[in-house]
Amino acid sequence: MGPDIAPSGQAVVDQLVGLLDLEAIEVDIFRGVSPQVSMQRVFGGQVAGQALVAAGRTIPPEDSGRDRAVHSMHAYFLRPGDPLVPIVYTVDRIRDGRSFTARRVVAIQHGQAIFSLSASFARPEPGIDHQDEMPDVPGPEVLPTLADRIAPYADRLGGFARLPRPIDIRYVDDPPWEQRLAGRRAEARSRVWMRASGTLPDDPLLHVCALTFASDLTLLDSVLVRHGVAWGFGVVSGASLDHAMWFHRPFRADEWLLYDAVSPSASGARGLATGAIWTRDGRRVVSVVQEGLLRTAPDR
């Protein structure tokens, strides 16, 4: 690994675990920090993952011993987060029912809300079960690592190439920057294998929050490749606007997961992306939808 390639591995995964381990500063109030890397604003997946941790920390233990798992979350990114100061998360206990538990979380910096999240938790129940078929794609072992993909373009990608990478990502399709430099446009689709770059503790909530963090990394690539643009080349700039996830079945975020994202529409400087996440044995475990702000400048 050269000096211009992002660090990864167990040490970086341990940093992600620490990032998601919020400090409880009062009842239903938590504090999180950002990693010490050079960023203009807080990464959206970080604040979403931390907010979900805050919600999960307020779920009361069940008398019967049955856990309540996250089954859905809906979030809005309201203002850019400041990576230099802590983020305070306040949790509103909306409802504690027999089957479902609802929480609302607001992330605050400088006295203003930067992010809001609603999350629902449910106890396991038997019922009907079906899913679509998993796409047929090459396995992650035969695909180049992200470090290998980035290495030829490290100078062009600047700071992006040197960010710590707690998530191991293997692109099935060419990443946006390769298509951009080759002058190509592609189908509005992005498929990647992803997993934590090391072993995570067994806490199911932590795996959900780690995947929430990872789900914001490549989803909007499906919009970019349709137009032959990529982050970091001065043509497009943007940010996540809202983010929704539905968790269908159990999974581990440190085992390989296929993230299949498509973009059905883009207009009004906004792009919509939908994603499906699958385990290697073909179980659909998560569905994702996000709309992102995507502003373009004249192509230089």
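Residues numbered from 1 in each chain as written. Predicted model: local features only at pLDDT ≥ 70, side-chain atom pairs only at ≥ 80, totals over all residues. Heavy atoms only, no water.

S.K.: So what exactly am I meant to see when it comes to the environment of D242 here?
M.R.: Tracing the chain through its elements places D242 in strand β9 (residues 236-247). Separated by 91 residues in sequence, D242 and A151 have C-alpha atoms that sit 32 Å apart. Ignoring sequence-local partners within four residues, the contact set of D242 consists of A75, Y76, F77, V289, Q290 and E291. A polar contact of 3.1 Å, which involves the side chain of D242, links it to the backbone nitrogen of E291. (Helix = DSSP H or I, 4+ residues; strand = E, 2+ residues; numbered from the N terminus. Contact = heavy atoms within 4.5 Å. Polar contact = N/O pair within 3.5 Å; in protein donor to acceptor, adjacent residues only side chain to side chain.)

S.K.: How do you make sense of helix α1 (residues 10-20) when you look at a structure like this?
M.R.: It helps to recall that an α-helix has 3.6 residues per turn; residues three or four apart then point in one direction. What α1 keeps buried is the set V12, V13, L16, V17, L19 and L20. Burial along α1 is one-sided: seen end-on, the buried residues are contained in an arc of 160 degrees. More than 90 degrees from the buried face of α1, the exposed residues found are A11 and Q15. Buried residues belonging to α1 abut α2 (44-56), β7 (167-171), β8 (189-196) and α6 (204-215). (Buried < 20%, exposed > 50% of the residue type's maximum accessible area, 1.4 Å probe, protein only. Arc of directions from axis to C-beta.)

S.K.: Is there a simple way to explain the packing of α2 against α6 in this structure?
M.R.: If you want to describe how two helices pack, look at the angle between their axes and the distance between the axes. In the contact formed by α2 and α6, the axes pass within 7 Å of each other and the chain directions differ by 160 degrees. Considering the angle they form, α2 stands roughly antiparallel to α6. For the crossing formed where α2 meets α6, the hand is right-handed. Contacts from G45, Q46, A48, G49, L52, V53 and G56 of α2 reach α6 at L205, V208, C209, T212 and F213. Split into classes, the residues belonging to the contact of α2 with α6 amount to seven nonpolar, five polar and no charged. (Axes fitted to C-alpha atoms, helices over the stretch in contact; angles between N-to-C directions. Parallel < 35°, antiparallel > 145°, perpendicular 65-115°, else oblique. Left-handed = near helix turned anticlockwise from the far one by under 90°. Nonpolar A, V, L, I, M, F, W, Y, C, P; charged D, E, K, R; others polar.)

S.K.: Would you mind going over the layout of surface pockets with me for this structure?
M.R.: Which parts of space are left empty comes out when a probe the size of a water molecule is rolled across the atoms. By volume, the second largest pocket is sized at about 1200 Å³. Going through the elements one at a time, β3 (69-77), β6 (112-122), α6 and β9 are the ones with two or more residues in the lining of the second largest pocket. Considering each element in turn, the lining of the second largest pocket owes the most residues, four residues, to α6. Each residue belonging to the lining of the second largest pocket can be placed in one class, and the counts come to 18 nonpolar, six polar and nine charged. (1 Å grid on protein atoms, 1.4 Å probe; cavity = no way out; pocket = protein on both sides within 12 Å on 5 of 7 lines; lining within 4 Å. Points joined across faces, edges and corners; volume = space filled by probe spheres on them.)

S.K.: Which parts of the structure should I look at to understand α2?
M.R.: Across its 13 residues, α2 extends 18 Å between first and last C-alpha, which sits within 8% of the 18 Å expected from 1.5 Å per residue. The buried fraction of α2 amounts to 13 of the 13 residues, a majority that puts the element mostly inside the structure. (Expected span 1.5 Å × (residues − 1).)

S.K.: How do you make sense of the side chain of R284 when you look at a structure like this?
M.R.: In this structure, R284 sits in strand β12 (residues 284-296). At 2.9 Å, the side chain of R284 forms a polar contact with the side chain of S287. When neighbours within four sequence positions are excluded, R284 is seen to be in contact with Q131, D132, H248, R249, G275, A276, I277 and W278.

S.K.: Is there a simple way to think about the pairing of β7 in this case?
M.R.: The side chains of a regular strand alternate, residue by residue, between the two faces of the sheet. The element β7 is extensively covered by neighbouring structure, given that five of its five residues are classed as buried. Neither face of β7 is left uncovered, since the one carrying I167, I169 and Y171 and the one carrying D168 and R170 both have all their residues buried. Here five bridges tie β7 to β8, and the two strands are oriented antiparallel to one another. Pairing of I167 across the sheet is with A196, part of β8. (Pairing = 2+ DSSP bridges.)

S.K.: How should the pattern of salt bridges be read in this particular structure?
M.R.: Pairs can form between side chains of opposite charge once their charged atoms are near each other. Applying the stated rule across the entire model yields 19 salt bridges. We note a salt bridge from D28 to R93, for which the minimum N-O separation is 2.8 Å. Of this pair, D28 sits in the loop between β1 (23-26) and β2 (29-32) while R93 sits in strand β4 (residues 87-96), and the two are 65 residues apart along the sequence. Of the charged contacts in the structure, one is a salt bridge between R252 and D254, with a shortest N-O distance of 2.9 Å. Of the residues examined, D254 reaches a relative accessible area of 12% and is grouped as buried. Here the residues in one salt-bridge network are R149, D174, E178 and R184, joined through shared partners. (Salt bridge = Lys/Arg side-chain N within 4 Å of Asp/Glu carboxyl O.)

S.K.: When you look at the sheet that holds β1 in this model, what are you seeing that I'm missing?
M.R.: Two strands in a sheet stick together by hydrogen bonds in their backbones, pointing the same way (parallel) or opposite ways (antiparallel). In space, the twelve strands of this open sheet follow the order β1-β2-β4-β5-β6-β3-β9-β12-β11-β10-β8-β7, with antiparallel pairing throughout. Strands with a single pairing partner mark the edges of an open sheet, and in this sheet they are β1 and β7. Across the sheet, the axes of successive neighbouring strands diverge by a mean angle of 25 degrees, strand direction being ignored. Sheet analysis places strand β5 (residues 100-109) next to β6, joined by ten bridges and oriented antiparallel.

S.K.: Is there a simple way to explain the confidence of the model for the chain in this structure?
M.R.: Where the model shows low pLDDT, its predicted coordinates should not be examined in detail. On average, residues of the chain carry a pLDDT of 90, and 92% of them reach 70 or more. Averaged pLDDT values for the elements of the chain fall to 72 in helix α4 (residues 154-157) and rise to 98 in β2. (pLDDT = per-residue confidence, 0-100.)

S.K.: I'm lost on the nonpolar core in this one. Help?
M.R.: Generally speaking, a soluble globular protein has its nonpolar side chains buried in company with each other. In terms of nonpolar packing, the biggest core is built from 72 residues, with Y89, F115, L117, F251 and V286 touching the most fellow members. Per element, the largest residue contribution to this core is eight residues, and it comes from α6. Contacts of Y89, omitting those with residues within four sequence positions, involve L22, D28, I29, F30, G32, V47, Q50, A51, A54, V105, V106 and A107. (Core = buried A, V, L, I, M, F, W, Y, C linked by side-chain atoms within 4.5 Å.)

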